[in-house]
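Close look at the chain arrangement
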Amino acid sequence: MEDFIRGILAHLDSKTLETIVEDLSSMGVREIDDLMYIKEEDIRHLMSIVDCRKILQKFSNRDIRGQQNNLLRESAASDMITLNLTPVSSLEASSSTLFTLPPQHSTPVQHSTWPSTFQVPWDKTRSSLRTCLELKKRPDETDRRHMVRVTVDAMREICLNPTLNQCASVAMSIIAQYPDCFEDRTDEGDRMGSGHFTLCSQFKTRLDNLNRNNTLARLRKPKRTAVTEENSLPVQSRAKCAKTDSYGCINWQPSELPEGETRHSLSEKKEELKRTFNQEGQKGADKARVNDLMMITYEAQRRAINISPAPSIDQLKTDWPFLFTKRFLVQHFCSLTGIDLDSRLRESISGKGRRVLHFFRSQLMRWRKEVRTVLADTERVAEDVDPGLAAILVMMAFFKEKEDSLFLLADVTTTQADAETQLSLPSTPRIILLGESVLVPKKWMLALEGKVVMESSDHQLDFTSALAVLFGSFYVFNIEYQEEAASTLEFIQRFLVRINPENSKCTSQFQVSRKSGKVVRRKTMALNPHIASFIRDFAEYDWQNY
């Protein structure tokens, strides 16, 4: 695909060409022949109109299918001559490829052990990359891609189609040797997830591309049952807490009671908190006694949230009413994760919000229509819009996620009762922005399980306060990210809050296809590749411009 596009649009630089190929792959294009299903409007956001028409016209004038069929026949014939095929049992076929090593290898390498002794042929990589390795600097993307190709070629000399686990082993060994050069990191230098996800994915993608037309090299996999209305699961994310959800937490369930406390004494303190709230409402949150009690009863709060079956939000609000105020939700988040959420978000948004917007505005023609529309809207109200809100809305458009998957708009006069009766409130967390526009809200509310559970106070009207309670609620109440906003929430988590565990907080197995509207199986990954790619591009841009 890269060679095909480069042959038509020789003026494209390597980075732009890579972006085009990645976007085409995300649309489902796996080979040149798939371009017959692409229309001009599908790729207009990737390149100029003239370039779009050049590619599509070139494809329509070529008998690509015939050429590829000839290549397939030649490849199959070559494989039969050069590869030493041996009969294997069905058990062996399920756990390894159907090939032995070519005859020139005197001793076959065992598939389960070869990654531990595999050596990257660094002498075949570019000298500029080797210089980066010596200086402990991140190499240029073109040098990195060349290294991936060289490494994959060396891997295929041992095993024609390595598994994902074998690719991961090779990637981990490279990153252990050169962490500063290849590890997945945020722009602050923090490791993202396992650190080897991107490099492992590049290895596997390259292998899949090389083996795409070679049916003999593919691993046999059981057929998946088609997702139908009869066997599909509900696409709605879990809204209640789950006992295994300790994702990114350091104090998910304390093992000991506070010093000098018993179950009975904690229960008494809980009742005192309830009485104070019933008498003074949210204003009681400002009392020093309430603050002390909420700190002491953290263990009891976690025990109430983590029980199985999970309690409803209504029950938790009845038992722990002060937990549904911004002050104590953020305080609980800090005890849970070790991070002052409000402070971290304000620091990140003030430092990154405008730079993210500048990143997108400086490369306007690179982005799809929805991103450009949000950027134009934010420009019109530039003086009034919060840069953090603008940045989040742009990222949602970038990830192809709808605004209402996190934010709902209501009139500024809307009350809690109005919101619950007039708005269609989902079970997963939403911020209701009150005002004439999502960009310039006057107030906000937090909705959970279809009900309003928190409202902004006079000194907490800003968007950062709203974002803190929205994001904090996922952790405090053990709620998984809803599938329809999973990328944006993981972006907030990894880029702004800087929590980088190795797995994902969205485990939904099914989702509604954005193209067909049907329920389809969702591919889950430990690290969202779009987020990793954005952070890498942003860090490089930021380094060059600030």
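For the structure, see preceding data.
What counts, and at which threshold
Residues numbered from 1 in each chain as written. Predicted model: local features only at pLDDT ≥ 70, side-chain atom pairs only at ≥ 80, totals over all residues. Heavy atoms only, no water. Helix = DSSP H or I, 4+ residues; strand = E, 2+ residues; numbered from the N terminus. Buried < 20%, exposed > 50% of the residue type's maximum accessible area, 1.4 Å probe, protein only. Contact = heavy atoms within 4.5 Å. Core = buried A, V, L, I, M, F, W, Y, C linked by side-chain atoms within 4.5 Å. Salt bridge = Lys/Arg side-chain N within 4 Å of Asp/Glu carboxyl O. Phe/Tyr/Trp six-rings, centres within 6.5 Å; stacked < 30°, edge-to-face > 60°. Lys NZ or Arg CZ within 6 Å of the ring centre and 35° of its normal. Pairing = 2+ DSSP bridges. Axes fitted to C-alpha atoms, helices over the stretch in contact; angles between N-to-C directions. Right-handed = clockwise from strand over helix to strand, strands pointing away. 1 Å grid on protein atoms, 1.4 Å probe; cavity = no way out; pocket = protein on both sides within 12 Å on 5 of 7 lines; lining within 4 Å. Points joined across faces, edges and corners; volume = space filled by probe spheres on them. Nonpolar A, V, L, I, M, F, W, Y, C, P; charged D, E, K, R; others polar. Parallel < 35°, antiparallel > 145°, perpendicular 65-115°, else oblique. Left-handed = near helix turned anticlockwise from the far one by under 90°.

1. Quick look at the overall build of the protein chain
Each helix and strand in the protein chain was counted, giving 24 helices and six strands. Among the 546 residues that make up the protein chain, the fraction classed as buried is 48%. Pairs at least 24 apart in sequence give 67% of the contacts found in the protein chain among residues at least 6 apart.

2. Quick word on the nonpolar core
Counting 89 residues, the largest nonpolar core has Phe360, Phe407, Phe477 and Phe534 as the members making the most contacts within it. For this core, the element with the highest residue contribution is helix α22 (residues 463-476), accounting for 10 residues. Not counting residues up to four positions away in its chain, the partners in contact with phenylalanine 360 are Trp367, Val371, Leu375, Val394, Met395, Phe398 and Phe534. Ranked by size, the runner-up nonpolar core spans 26 residues in total, among them Cys159, Cys167, Phe182 and Leu199.

3. Here's the deal with the pattern of salt bridges
Counted under the stated rule, the structure contains 21 salt bridges. A salt bridge links aspartate 143 to arginine 126; the shortest N-O distance between them is 3.2 Å. Here aspartate 143, found in helix α9 (residues 141-158), pairs with arginine 126, found in the loop between α7 (114-117) and α8 (127-135); they are 17 residues apart in sequence, far enough to count as distant. Accessibility expressed as a relative area gives 8% for aspartate 143, which makes it buried.

4. Things to note about the packing of aromatic side chains
Inspection of the entire model under this criterion finds 30 aromatic pairs. Pairing phenylalanine 359 with phenylalanine 538 gives two aromatic rings, centres 5.9 Å apart and planes at 70 degrees, and the pair type is edge-to-face. Of this pair, phenylalanine 359 sits in helix α18 (residues 341-361) while phenylalanine 538 sits in helix α24 (residues 529-545), and the two are 179 residues apart along the sequence. A single burial state applies to phenylalanine 359 and to phenylalanine 538, both of which are buried. Taking the centre distance of 4.8 Å and the plane angle of 55 degrees together, the rings of phenylalanine 360 and tryptophan 367 count as tilted. Here the aromatic residues Phe359, Phe360, Trp367, Phe398, Phe399, Phe491, Phe495, Phe534, Phe538 and Tyr541 are joined through ring pairs into a cluster of three or more. Its guanidinium or amino end placed over the ring of phenylalanine 495, lysine 352 lies 4.2 Å from that ring's centre, counting from NZ or CZ.

5. Digging into unusual backbone geometry
That bond from serine 308 to proline 309 is cis: its omega, 0 degrees, falls within 30 degrees of zero. If you trace the backbone, proline 309 turns up in the loop between α15 (298-306) and α16 (313-319). With phi around 60 degrees, lysine 400 is a residue other than glycine that occupies positive phi space. Mapping lysine 400 onto the fold places it in the loop between α20 (387-398) and β1 (407-410). At glutamate 449, a residue that is not glycine, the phi angle is positive and equals roughly 50 degrees. For glutamate 449, a relative accessible area of 22% gives the class partly exposed.

6. Remarks on the environment of glutamate 502
With respect to the helices and strands, glutamate 502 occurs in the loop between α23 (486-497) and β5 (510-512). Judged by relative accessible area, which is 48%, glutamate 502 ranks as partly exposed. In sequence terms glutamate 502 and phenylalanine 197 are 305 residues apart; their C-alpha atoms lie 9.2 Å from each other.

7. Observations regarding the sheet that holds β1
Strand order in this open sheet of four strands is β1-β2-β3-β4, and the pairing throughout is mixed. Looking at strand neighbours, the two that pair on one side only are β1 and β4 (451-455), the edges of this open sheet. Averaged over neighbouring strand pairs, the angle between their axes works out to 35 degrees when direction is ignored. Note that β1 and strand β2 (residues 430-434) share four bridges and pair parallel. Bridge pairing in β2 places leucine 409 opposite leucine 433. The strands that α22 touches are β1, β2, β3 (443-448) and β4; relative to β3, the one it contacts most, it runs at about 5 degrees.

8. Section: the pairing of β2
The two faces of a sheet get side chains in turn, since along a regular strand they alternate between them. Counted residue by residue, β2 has five buried out of five residues, so it is predominantly covered. Both faces of β2 are covered, namely the face carrying Arg430, Ile432 and Leu434 and the face carrying Ile431 and Leu433. Crossover β1 to β2 through helix α21 (residues 416-422) is right-handed. Direction of pairing for β2 relative to β3: antiparallel, over a ladder of five bridges. Note that in β3 the partner of isoleucine 431 across the bridge is leucine 446.

9. Considering the layout of surface pockets
Of the pockets and cavities examined, the second largest pocket occupies roughly 750 Å³. Lining the second largest pocket are 25 residues, with Arg138, Arg536, Ala539, Glu540 and Trp543 positioned closest to its centre. Where the lining of the second largest pocket is concerned, the elements lending two or more residues are α9, α11 (179-182) and α24. Looking at the lining of the second largest pocket, the element that brings in the most residues is α24, giving eight residues. Taken together, the residues of the lining of the second largest pocket sort by class into eight nonpolar, three polar and 14 charged.

10. Side note on the packing of helix α10 (residues 164-177) against helix α12 (residues 197-211)
The packing of two helices is summarised by the inter-axis angle and the distance between the axes. Closest axis-to-axis distance for the α10/α12 pair is 8 Å, and the angle between their directions is 135 degrees. In this view, α10 runs oblique relative to α12, as classed from their interaxial angle. For the element pair α10 and α12, the recorded crossing hand is right-handed. Of the residues in α12, those in contact with Leu164, Cys167, Ala168, Val170, Ala171, Ile174 and Ile175 of α10 are Leu199, Cys200, Phe203, Lys204 and Leu207. Taken together, the residues that form the contact of α10 with α12 break down as 11 nonpolar, no polar and one charged.

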